[in-house]
Amino acid sequence: MQCNALAQQTCIEPIHAEFGTKVMAWGPLGGQGAEGIVKSEVLAAIGAKYGKTAAQVALRWLTQRGIVAIPKSTHKERMAQNFDIFDFTLIDDEMAQIAQLNQHDTGIINFGDPQFVKYLIENYG
């Protein structure tokens with residue numbers, strides 16, 4: 001499902017915990033709307049502290065939440081940057097700042113509906 005700093009999908013975390021599953025983020029850098037992430041002043045400011053890009057901070061944030069993030073890129077430099085997120089840890093205050101960027105938790109399908117998520121896991125998980 002789409003899951004990134006702007007579409008965080010926090011409402012389904014309890015259901016995933018119940019079934020012992022993990023979210024695999026589609027569009028971890030925002031998909032076609034990546035500019036909202038890579039141009040985020042909040043992410044850039046946090047990144048400056050660690051010598052990282054806004055995108056690296058966004059990926060680290062997902063990883064620290066236990067979300068599997070597999071960003072798409074055709075540029076070798078960006079692929080290398082996407083892997084270079086394990087030499088820093090975001091502190092609680094930074095995690096909270098990023099959580100405030102959430103704009104919505106659902107797309108076309110309401111993944112926040114516990115019954116829908118349970119249906120997916122029971123039938124396809």
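Residues numbered from 1 in each chain as written. Predicted model: local features only at pLDDT ≥ 70, side-chain atom pairs only at ≥ 80, totals over all residues. Heavy atoms only, no water.

## Considering unusual backbone geometry
In step 1: Phi angles above zero are rare outside glycine, and Gln 9 is one such case at about 60 degrees.
In step 2: Inspection of the secondary structure assignment puts Gln 9 in the segment before helix H1 (13-19). (Helix = DSSP H or I, 4+ residues; strand = E, 2+ residues; numbered from the N terminus.)

## Examining the packing of aromatic side chains
In step 1: Counted under the stated rule, the structure contains one aromatic pair.
In step 2: Measuring from ring centre to ring centre gives 4.9 Å for Tyr 50 and Phe 88, while their planes differ by 35 degrees; the resulting arrangement is tilted. A residue pair is termed long-range when its members are at least 10 positions apart, and Tyr 50 in helix H3 (residues 41-50) and Phe 88 in the loop between helix H5 (76-83) and helix H6 (92-99) qualify at 38 residues.
In step 3: Note on Tyr 50: relative accessible area 23%, which makes it partly exposed. (Phe/Tyr/Trp six-rings, centres within 6.5 Å; stacked < 30°, edge-to-face > 60°. Buried < 20%, exposed > 50% of the residue type's maximum accessible area, 1.4 Å probe, protein only.)

## Quick word on the nonpolar core
In step 1: If you look at the biggest cluster of nonpolar residues, it comprises 27 residues, and the most contacted ones within it are Leu 43, Trp 61, Leu 90 and Ile 98.
In step 2: Looking at this core, the elements that each hand over two or more residues are H3, helix H4 (54-64), H6 and helix H7 (114-124).
In step 3: Non-local contacts of Trp 61, meaning those with residues more than four positions away in its chain, are made with Asn 4, Ala 5, Gln 8, Leu 90, Met 95, Ile 98 and Ala 99. (Core = buried A, V, L, I, M, F, W, Y, C linked by side-chain atoms within 4.5 Å. Contact = heavy atoms within 4.5 Å.)

## Points about a nonpolar patch on the surface
In step 1: Judged by side-chain polarity, Met 24, Val 68 and Ile 70 come together as a nonpolar surface patch covering roughly 280 Å² of accessible area.
In step 2: Along the chain, the position of Val 68 falls in strand E2 (residues 68-69). (Patch = residues over 30% accessible without salt bridge, like charges linked within 9 Å, V, L, I, M, F, W, Y side chains within 5 Å. Areas by Shrake-Rupley, 256 points an atom, 1.4 Å probe, with all protein chains shown as cover. Salt bridge = Lys/Arg side-chain N within 4 Å of Asp/Glu carboxyl O.)

## Regarding H3
Each α-helix turn comprises 3.6 residues. Residues three or four places apart therefore point the same way.
In step 1: Buried residues of H3: Leu 43, Ile 46 and Gly 47, and no others. Projected onto a plane normal to the axis of H3, the buried residues spread over an arc of 100 degrees and lie on a single side. In H3, the exposed residues that point more than 90 degrees away from the buried face are Glu 41, Ala 45, Ala 48 and Lys 49.
In step 2: Taken together, the buried residues of H3 touch helix H2 (35-38), H4 and H6. (Arc of directions from axis to C-beta.)

## As for the packing of H3 against H6
Packed helix pairs are characterised by how far apart their axes lie and by the angle those axes make with each other.
In step 1: Viewed as axis vectors pointing N to C, H3 and H6 meet at an angle of 155 degrees, and their least axial separation amounts to 10 Å. Classed by the angle they form, the pair H3 and H6 counts as roughly antiparallel. Crossing geometry of H3 relative to H6 is assigned as left-handed. The residues of H6 that touch H3, namely those facing Val 42, Leu 43, Ile 46, Lys 49 and Tyr 50, are Glu 94, Gln 97 and Ile 98. (Axes fitted to C-alpha atoms, helices over the stretch in contact; angles between N-to-C directions. Parallel < 35°, antiparallel > 145°, perpendicular 65-115°, else oblique. Left-handed = near helix turned anticlockwise from the far one by under 90°.)

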